[in-house]
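# Understanding the architecture of this molecule
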There are 2 protein chains.
Amino acid sequence: MNRRVFNFTAGPSMLPLPVLRRAQEEWLDFAGLGASVIEISHFTPEFKAVVYDVEALLRELLAIPPNYRIALAHGGGAMGFSMVALNLIATRPARKALYVNSGYFSGRAAAEASKYGTVVEVASSEGSNFDRIPELDAARLDADASYLHITTNNTMVGTRWHSFPDTGGVPLVGDATSELLSRPMDVSRFGVLYAGAQKNMGTSGLSVTLVREDLLGRALPITPKMINYDQLARDHSLSNTTNTFAVYMARGVLEWIKTSGGLAAIEAQNERKAALVYEALDRHAGFYKPHAHPGHRSRMNFTFKTPTEALDDAFVNEGNAEGLYALRGHRMFGGIRASLYNGMPIEGARALAGFIDEFARRHG
Amino acid sequence: MNRRVFNFTAGPSMLPLPVLRRAQEEWLDFAGLGASVIEISHFTPEFKAVVYDVEALLRELLAIPPNYRIALAHGGGAMGFSMVALNLIATRPARKALYVNSGYFSGRAAAEASKYGTVVEVASSEGSNFDRIPELDAARLDADASYLHITTNNTMVGTRWHSFPDTGGVPLVGDATSELLSRPMDVSRFGVLYAGAQKNMGTSGLSVTLVREDLLGRALPITPKMINYDQLARDHSLSNTTNTFAVYMARGVLEWIKTSGGLAAIEAQNERKAALVYEALDRHAGFYKPHAHPGHRSRMNFTFKTPTEALDDAFVNEGNAEGLYALRGHRMFGGIRASLYNGMPIEGARALAGFIDEFARRHG
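Everything numeric here is computed off the predicted structure, so don't read it as measured data. (Residues numbered from 1 in each chain as written. Chains lettered and ligands numbered in written order. Predicted model: local features only at pLDDT ≥ 70, side-chain atom pairs only at ≥ 80, totals over all residues.)

## Brief notes about the overall build of chain A
On a plain count of helices and strands, chain A comes out with 9 helices and 14 strands. Taking 2.2 N^0.38 as the reference for a compact globule, 364 residues should give roughly 21 Å; the C-alpha atoms of chain A span a radius of gyration of 21 Å, in line with that estimate. Along the first, second and third principal axes, the C-alpha atoms of chain A reach 60 × 60 × 30 Å. Taken over 364 residues, chain A has a buried fraction of 56%. For chain A, the proportion of contacts with a sequence separation of at least 24, taken over those separated by at least 6, is 69%. (Helix = DSSP H or I, 4+ residues; strand = E, 2+ residues; numbered from the N terminus. Rg over C-alpha atoms; globule rule 2.2 N^0.38 Å. Buried ≥ 20, exposed ≤ 12 C-beta atoms within 10 Å, placed from the backbone. Contact = placed C-beta atoms within 7 Å.)

Listed below in structure tokens is the structure:
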């Protein structure tokens, strides 16, 4: 029963085993209450302590500046798309928002925002099938815009921003769903930084938003109360019954990151894992075709193809038979995708790298 | 470690022990995958089977007519308040909605709707501190209204609608957050019936909505995609990463209801539990003062006071010492509140009834 696969799914994704085990152990008796953590009110002192721990750990691990507030909301990144626009687009009279299109989710974020104002696509790498982060022309940074939105890591295509753009007076908004907590990030570069929890912060149905205080309080009046940043920040995210289980799991994951040495140590580990995989792919450059331009490679999502679709299928199926689970690429892009979030141990990266070598030798 | 209290919290609330135990047992290896249920994609065949099971079990247990669709959404009842208005208020040109005010959450539902159209309070029991369901004057049923909203069970004050109003051509919308799945309900009486999951359907961060097909497809254009009934219904609620854990727990609870004999059997059990508690309160009519008018009593939430606030406190504290957990009334109404959802075994109702007797004898 304790067989664990190396699970390369794009998310909800593999979690650290000690965090899962602790949840299992205290499942029927949380904090000595004689009840499960999912059976108690969000307003109990015991549960509030969990929320406050999550806030404090986020602040510590991400070195969040004091003028940023934290909002935990229902839903994941997709609810975040609506939240960004509803809360921010009216901060300037033009109700205009700039979007960089670096992949599928960038487009979905822009589509949601277009319900509430004018959306301008200021850069796109769609022409090269999102194989890179597009160049951003500073001349496109319209000072009337309420914000500029980027997707810091693109889950589906496997690219990321290695340095963030200087947007002058236009607040930068980052969707970091698939990489928040995988590396230190300079929060002060962003007006808003947000992420769904189901990659590196636990389980699904929850998002975290870090928002600079001066951007609060100017949401559109039509904003539903449950996705109003200001309301959530003032209520310590307890504006209604929060996703208590996801908040509890987030605390476990954040504590695990802290005891693992914090985000610098986590990043070093992720770099080691990424090097194993990319070096294996590059060793067989005639066989594997990585999707992302080398200078834009994600450290979380690794996308590549073999010479044929039949071999892509064989890679996925043979990998699965060897305990390398969920390697199939997204149906929109095909090929192979391996996601190695924080919860993937280095042994999983080694196993994948070994399989990449072996498969190329057998079929190359 | 397996000490279990009788947990009378208003929610998230006590769950059936077999459901909790099964989750614990298969926690690290769901469906033989070698991964936890919270570590797999919502698009895997194994997880889709969970979603389809939830839909099928809801249809079977609630005898949902074929012209109703099911939407599982992020958030609980409070997100539901926004969803109702965003999805329904524009179904008629007047953009008018009628609300019955039978307690705190009714008011919150109306406040959310007022962001999107004209809200008319057509009945209220606020004058008697919500001790009953107010009379609804048929003359107030404005045929221009898009819907009439009621709260079928009022968690905070402990009342419920024992029969539902005939609203003619105006669709009836019911917030059944604190009673859905506690008794059979005639879904065909409603245009929309919705509930948060954290009382009788598992854990928090998820709501279920049953919506009549002819009401779909006319949401306001500003409706966020993630809370659009039509979108969710078409996508089998997988419009983004759903709250996978809550959906999984819902399946466990629904299966438990089915093997317990379905909703008729569940209702009979809830009536037995309610009789134990109300009869105990009524035996000491000079000591306990139940809040709800006898003809309007909830079968889920039991609200009452002793002669003094000090005795209310003593009741809560002495009860807690005896393993009767979370009996304090909501801070807005004071006194004592015991919630006995489906997960409360009959032994818990007996223990509470016994304590009600004993406390009155000691302090009466």
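## Structural notes on the packing of helix H3 (residues 77-88) of chain A against helix H4 (residues 104-113) of chain A
All names here are of chain A. Close contact between H3 and H4 brings their axes to 8 Å; oriented N to C, the two are set at 40°. The orientation of H3 relative to H4 falls into the category oblique. Handedness of the crossing formed by H3 with H4: right-handed. Along its contact with H3, which presents Gly77, Ala78, Phe81, Ser82, Val84 and Ala85, the element H4 presents Phe105, Arg108, Ala109, Glu112 and Ala113. (Axes fitted to C-alpha atoms, helices over the stretch in contact; angles between N-to-C directions. Parallel < 35°, antiparallel > 145°, perpendicular 65-115°, else oblique. Left-handed = near helix turned anticlockwise from the far one by under 90°.)

## Structural notes on the sheet that holds strand S11 (residues 289-290) of chain B
Residues and elements named next belong to chain B. As summarised here, the arrangement of the 3 strands in space is S11-S12-S14, forming an open sheet in which the pairing is antiparallel. The sheet is open, and its two edges are formed by S11 and strand S14 (336-339), each paired on a single side. Here S11 runs beside strand S12 (residues 301-305); their pairing, made up of 2 bridges, is antiparallel. Note that in S12 the partner of lysine 289 across the bridge is lysine 305. (Pairing = 2+ DSSP bridges.)

## Some thoughts on helix H7 (residues 262-283) of chain B
Relative to the 32 Å expected for 22 residues at 1.5 Å per residue, H7(B) spans 32 Å between its end C-alpha atoms, a close match to the ideal helical length. Here the buried face of H7(B) lies against helix H2 (45-62), helix H6 (244-259), S11, S12, S14 and helix H9 (346-363) of chain B. (Expected span 1.5 Å × (residues − 1).)

## Details of the interface of chain A and chain B
Contacts between the two partners involve 54 residues from chain A and, on the opposite side, 54 residues from chain B. Where the side of chain A that touches chain B is concerned, the elements lending two or more residues are helix H1 (17-25), H3 and helix H6 (244-259) of chain A. In terms of residue class, the side of chain A that touches chain B is built from 24 nonpolar, 23 polar and 7 charged. (Nonpolar A, V, L, I, M, F, W, Y, C, P; charged D, E, K, R; others polar.)

## Description of the sheet that holds strand S14 (residues 336-339) of chain A
The antiparallel open sheet is built from 3 strands, whose spatial order is S11-S12-S14 (chain A). Edge positions in the sheet fall to strand S11 (289-290) and S14 of chain A, since each of these pairs with one other strand and no more.

## Quick notes on helix H8 (residues 309-321) of chain B
Residue and element names in this part refer to chain B. With 13 residues, H8 should cover 18 Å at 1.5 Å per step; its first-to-last C-alpha distance of 18 Å lies within 8% of that length. Those residues of H8 that fall on the buried side of the exposure criterion are Phe315, Val316 and Gly319. Buried residues along H8 cover an arc of 90° about the axis, so they all sit on one side. Along H8, exposed side chains directed more than 90 degrees from the buried face belong to Ala310, Asn317 and Ala321. Remark: glycine 323 follows H8 within two positions and exhibits a positive phi of approximately 85°. (Arc of directions from axis to C-beta.)

## Describing the domain arrangement of chain A
All names here are of chain A. Along its sequence, chain A is organised into domain 1 (18-259) and domain 2 (261-363). Using C-alpha coordinates to define each centre, domain 1 is positioned 27 Å away from domain 2. Opposite the 23 residues of domain 1 that make contact, domain 2 presents 23 residues. Among the secondary structure elements, those contributing two or more residues to the side of domain 1 that touches domain 2 are strand S6 (153-154), strand S7 (159-160) and H6. Within the side of domain 1 that touches domain 2, the residues separate by chemical class into 8 nonpolar, 8 polar and 7 charged. (Domains from an automatic or database assignment.)

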